[in-house]
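Single-letter residue listing:
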Amino acid sequence: VKAQESKTRMRTLRTDGTKIVYTAMSEWALWDADTFAEVRREEYDAFAAESPTFINNGEQFVIDNSGELHFYSSEDGQELKVIDTRSGIGTISPDGTHYAYVRPISEGDLYVMDLATQQVQTLDDLTYYVDAISYTPDGQYLLVGGRDSNYATYNVATDERAYLGRSGFDRVDDIAFKPNSRIYITYESDTVEFNEIDDNGIPTTMKTWSIDINSISFREGAVFS
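Each residue is numbered by its place in its chain's sequence as written, counting from 1. The predicted nature of this model means local features are confined to residues of pLDDT at least 70 and side-chain atom pairs, given and counted, to a pLDDT of 80 or more, with totals for whole chains, interfaces and linings taken over all residues. Heavy atoms from the whole structure form the basis of all side-chain values; hydrogens and water molecules are not counted.

Caption draft 1: Highlighting the nonpolar core. Take the buried residues of types Ala, Val, Leu, Ile, Met, Phe, Trp, Tyr and Cys, join any two whose side-chain atoms come within 4.5 Å, and each joined set is a nonpolar core. The rule is simple: take the accessible area with a 1.4 Å probe, protein chains only, and divide by the maximum for that residue type; under 20% is buried, over 50% is exposed, in between is partly exposed. In terms of nonpolar packing, the biggest core is built from 14 residues, with Leu110, Leu126, Val130, Ile133, Leu142, Val144 and Tyr154 touching the most fellow members. Under the DSSP-based scheme used, a helix requires at least four consecutive residues in state H or I and a strand at least two consecutive residues in state E, with every element numbered from the N terminus. Secondary structure elements with two or more residues in this core: strand 10 (98-102), strand 11 (109-114), strand 13 (130-135), strand 14 (141-146) and strand 15 (150-155). The biggest single contributor to this core is strand 13, with three residues.

Caption draft 2: View of the pattern of salt bridges. Salt bridges are defined as contacts in which a side-chain nitrogen from Lys or Arg sits within 4 Å of a carboxyl oxygen from Asp or Glu. All chains considered together, the criterion is met by eight salt bridges. The closest approach of N and O atoms between aspartate 131 and arginine 147, which form a salt bridge, is 2.8 Å. Separated by 16 residues along the polypeptide, aspartate 131 in strand 13 and arginine 147 in the loop between strand 14 and strand 15 bring together distant segments of the chain. When its relative accessible area of 16% is taken as the criterion, aspartate 131 is described as buried. Among the charged side chains, a salt-bridge network with shared partners connects Glu27, Glu38 and Arg41.

Caption draft 3: The pairing of strand 19 (residues 191-197), seen in detail. Counting buried positions along strand 19 yields six of seven residues, so the element is predominantly enclosed. In textbook terms, the turn of a hairpin is the stretch between consecutive antiparallel strands, and for strand 18 (residues 183-188) and strand 19 this stretch comprises two residues, one of which, serine 189, has a positive phi near 55°. The criterion for strand pairing is that DSSP finds at least two bridges linking the strands in question. From the end of strand 19 to the start of strand 20 (residues 203-210), which pair antiparallel, there are five residues, and glycine 201 there has a positive phi angle of about 85°.

Caption draft 4: Spatial organisation of the sheet that holds strand 11. One open sheet holds the four strands; their spatial order is 9-10-11-12, and the pairing between them is antiparallel. In this open sheet, the two edge strands, each paired with only one partner strand, are strand 9 (89-92) and strand 12 (120-125). Sheet twist, expressed as the mean angle between neighbouring strand axes with direction ignored, is 20°. Axis angles are defined between N-to-C directions and span 0 to 180 degrees, where every axis is a line fitted to C-alpha atoms and, for a helix, only to the segment in contact.

Caption draft 5: Structural detail: the environment of proline 94. Among the secondary structure elements, proline 94 is positioned in the loop between strand 9 and strand 10. With 45 residues separating them along the chain, proline 94 and glycine 139 place their C-alpha atoms 5.8 Å apart. Setting aside chain neighbours within four positions, we find proline 94 in contact with Tyr135, Thr136, Pro137 and Gly139. Residue contacts are defined here by distance: any two heavy atoms, one from each residue, within 4.5 Å place the two residues in contact.

Caption draft 6: Just unusual backbone geometry, in detail. One non-glycine residue with positive phi stands out, namely asparagine 57, at about 55°. As for its placement among the helices and strands, asparagine 57 is situated in the loop between strand 5 (53-55) and strand 6 (60-65). Of note, glutamine 118 is a non-glycine position whose phi angle comes to about 65°, a positive value. By the secondary structure assignment, glutamine 118 is in the loop between strand 11 and strand 12.

Caption draft 7: Examining the sheet that holds strand 7 (residues 68-73) more closely. On the basis of which strands lie adjacent, the open sheet formed by four strands has the order 5-6-7-8 and antiparallel pairing. A strand with exactly one partner marks an edge of an open sheet, and here the two such strands are strand 5 and strand 8 (79-84). The mean inter-strand angle of the sheet, taken between neighbouring strand axes irrespective of direction, is 25°. As judged from the six bridges shared by strand 6 and strand 7, these two strands associate in the antiparallel manner. Its bridge partner lying in strand 7, phenylalanine 61 is registered against tyrosine 72.

Caption draft 8: Structural view of the pairing of strand 11. Taken together, the five bridges between strand 10 and strand 11 define a ladder with antiparallel strand orientation. Of the residues in strand 11, the one forming a bridge with tyrosine 101 is tyrosine 111. Bridge count between strand 11 and strand 12: five bridges; the pairing is antiparallel. Its bridge partner lying in strand 12, leucine 110 is registered against aspartate 124. The loop that links strand 11 with its antiparallel partner strand 12 comprises five residues; one of these, glutamine 118, has a positive phi angle of about 65°.

In structure tokens form, the structure reads like this:
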């Protein structure tokens, strides 16, 4: 699907495979994945919108547009609501009910917002810059990674920190979870770590995969099939 005159930043496919959403530096678009017909295209005033996220069994998608969460209908692309979070980096829980985030200057508090009531609680006071936040696919744990190889896990049910440690890399830039699993990867240049979070929220490294730097390197992101 051609993104026309705007450079594509992120593309997301709805879990049932029927819709595609992409975000670019000045617009987003919704397509029908079967017919490739464009359902809706909108421009917005933002330098960088984050990857769109489908929620509520794919009925809606959310775009984080410079600290504002824009909610849209997956059927026709109509905007449903906007929530101003003033966030820098954030992620929506798998059930679409909560948003975990840090401020643009990411050393400091880790927040969780109830998207129904928009009430915010401080989950933790971090002492390092955050570069990646992700819920486990089952929604039971929140994983946060950042500079100086720091990363931590939080029990969503109790709001307590389950683990604080360091990865094998200089920093944790991204976290990619395997669907329906607590297995995830982190990476740096030509090395990929496969990790798993146990029932106590403790991550362990399962294996390390080294790749030929002349062929491919992980720099911008990764995703499981």
